Amino acid sequence: MGETTKKYWLMKSEPDEFSIADLKTKKRERWSGVRNYVARNYMMRDMQIGDLVLFYHSNAKPSGVAGLARISALAIPDETAWDRKSGYFDAKSTPDKPRWYCVEVEYVDTFKKFTSLEEIKNTPKLKDMALLRYSRLSVQPVTTQEFQLICKMSGLAKPPKEARPVT
DNA sequence: GCCAACGTTGGC
DNA sequence: GCCAACGTTGGC
């Protein structure tokens, strides 16, 4: 990965907790609660404002890609880590020495056609997606080809080619 | 609810 | 540094 500038991502959320509809209502949301170093590092080191995100519903019936979001703020310390009342509390992370970080994402679109995990599995061109190879990783890079194809499968006539923040 | 796959922890 | 035990993710 290294110096490669990534533009496309997939981020998982359990729709019972936070769905694409919730993001649409709230417009923007901090992606807090990630407690995996690989996922954190993608957010901390590689995400840029304007990067586009496939919003994936995990642990759902069915699971799959539900819509599109965009990175609207760079990673900052995840405050839920030092909130004892939070389900994401982690005593090893403090305001002085934060261990966990989160970006902010903003709503872009809800796909007209939900693209299920099963469809992704049945699409040969998508067989190398991190989604299938590292099934437990909740924040992961997506190639341009994969991104464009999933947008197409999801009924988005013109997938945004360029990542552009709204003002 | 089950469980495979994987990440983390801690004893040694 | 190894690895067993344990915890979590997420599909089914």
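Right above here is the structure, for reference.
In what follows, the accompanying structure is described. No experiment lies behind these values; they were computed from the predicted model shown. (Residues numbered from 1 in each chain as written. Chains lettered and ligands numbered in written order. Predicted model: local features only at pLDDT ≥ 70, side-chain atom pairs only at ≥ 80, totals over all residues. Heavy atoms only, no water.)

## Regarding the pairing of strand E4 (residues 64-77)
The cut-off we apply is this: Strand pairing requires that DSSP identify at least two bridges connecting the strands. Starting at the N terminus, helices and strands are each numbered in turn, a helix being any DSSP run of H or I of at least four residues and a strand any DSSP run of E of at least two.
Of the pairings in the sheet, the one linking strand E3 (residues 52-57) to E4 comprises six bridges and is antiparallel in character. In the sheet register, Phe 55 faces E4, and the bridge partner there is Gly 67. In this antiparallel pair of consecutive strands, E3 and E4, the connection spans six residues, and Asn 59 shows a positive phi of 50°. With 10 bridges joining them, E4 and strand E5 (residues 101-116) adopt antiparallel strand pairing. Each residue of the ladder has a partner; that of Leu 68, found in E5, is Asp 109.

## Let's talk about the environment of Phe 147
Basically, it comes down to this: Here a residue-residue contact requires only that any non-hydrogen atoms of the pair lie within 4.5 Å.
Assignment of secondary structure puts Phe 147 in helix H5 (residues 144-153). Separated by 140 residues in the primary sequence, Phe 147 and Lys 7 place their C-alpha atoms 9.7 Å from one another. The contact partners of Phe 147, leaving out residues within four places of it in the chain, are Tyr 8, Leu 52, Leu 54, Leu 68, Val 142 and Pro 160.

## A short note on the packing of aromatic side chains
We apply this condition: Aromatic pairs are defined between Phe, Tyr and Trp rings, using the six-membered ring for Trp, whenever the two ring centres lie within 6.5 Å; interplanar angles under 30 degrees are classed as stacked, those over 60 as edge-to-face, and all others as tilted. Partly exposed residues are those whose accessible area sits between 20% and 50% of the maximum for their type, while under 20% is buried and over 50% is exposed, using a 1.4 Å probe and protein chains only.
By the definition in use, this model includes five aromatic pairs. Both rings, one in Tyr 8 and one in Phe 147, keep their centres 4.2 Å apart while their planes meet at 25°; by these two values the pair is stacked. Of the two residues, Tyr 8 is situated in strand E1 (residues 8-13) and Phe 147 in helix H5; the sequence distance between them amounts to 139 residues. Each of the two residues, Tyr 8 as well as Phe 147, counts as buried.

## Let's talk about the pattern of salt bridges
Where side chains of opposite charge bring their charged atoms close, a pairing between them can arise. The following threshold applies: One side-chain nitrogen of Lys or Arg within 4 Å of one carboxyl oxygen of Asp or Glu is enough to make a salt bridge.
On inspection of all chains with the given rule, the structure shows nine salt bridges. The residue Arg 28 makes a salt bridge to Glu 106 at a minimum N-O spacing of 3.0 Å. With Arg 28 in strand E2 (residues 28-30) and Glu 106 in strand E5, the pair connects residues that are 78 residues apart, well separated along the chain. Residue Glu 106 pairs with Arg 70 through a salt bridge whose shortest N-O separation is 3.2 Å. Within this pair, whereas Glu 106 is found in strand E5, its partner Arg 70 is found in strand E4, the two being separated by 36 residues in sequence. The same class applies to Glu 106 and to Arg 70, which are both buried. Members of the salt-bridge network, linked through shared partners, are Arg 28, Arg 70, Glu 104 and Glu 106.

## Here's the deal with H5
Three or more residues of H5 are buried, namely Glu 146, Phe 147, Gln 148, Ile 150, Cys 151 and Met 153. Residues of H5 that are buried make contact with E1, E3, E4, E5 and helix H3 (117-121). Positive phi shows up at Gly 155, right after H5, with a value of about 85°.

## Comments concerning the protein's contact with DNA strand B
Our working definition: Think of it this way: one heavy atom of a residue within 4 Å of a molecule or strand is enough to make that residue near it. Polarity classes work like this: nonpolar for Ala, Val, Leu, Ile, Met, Phe, Trp, Tyr, Cys and Pro, charged for Asp, Glu, Lys and Arg, and polar for all others, with Gly in that last group.
Taken together, Asn 36, Tyr 37, Lys 92 and Arg 136 form the complete shell of residues around DNA strand B. Here, DNA strand B places atoms within 4 Å of the protein, and 54% of those atoms are sugar or phosphate. Residue composition of the surface near DNA strand B, grouped by class: one nonpolar, one polar and two charged.

Fair warning: the whole summary comes from geometry, so function is off the table for now.
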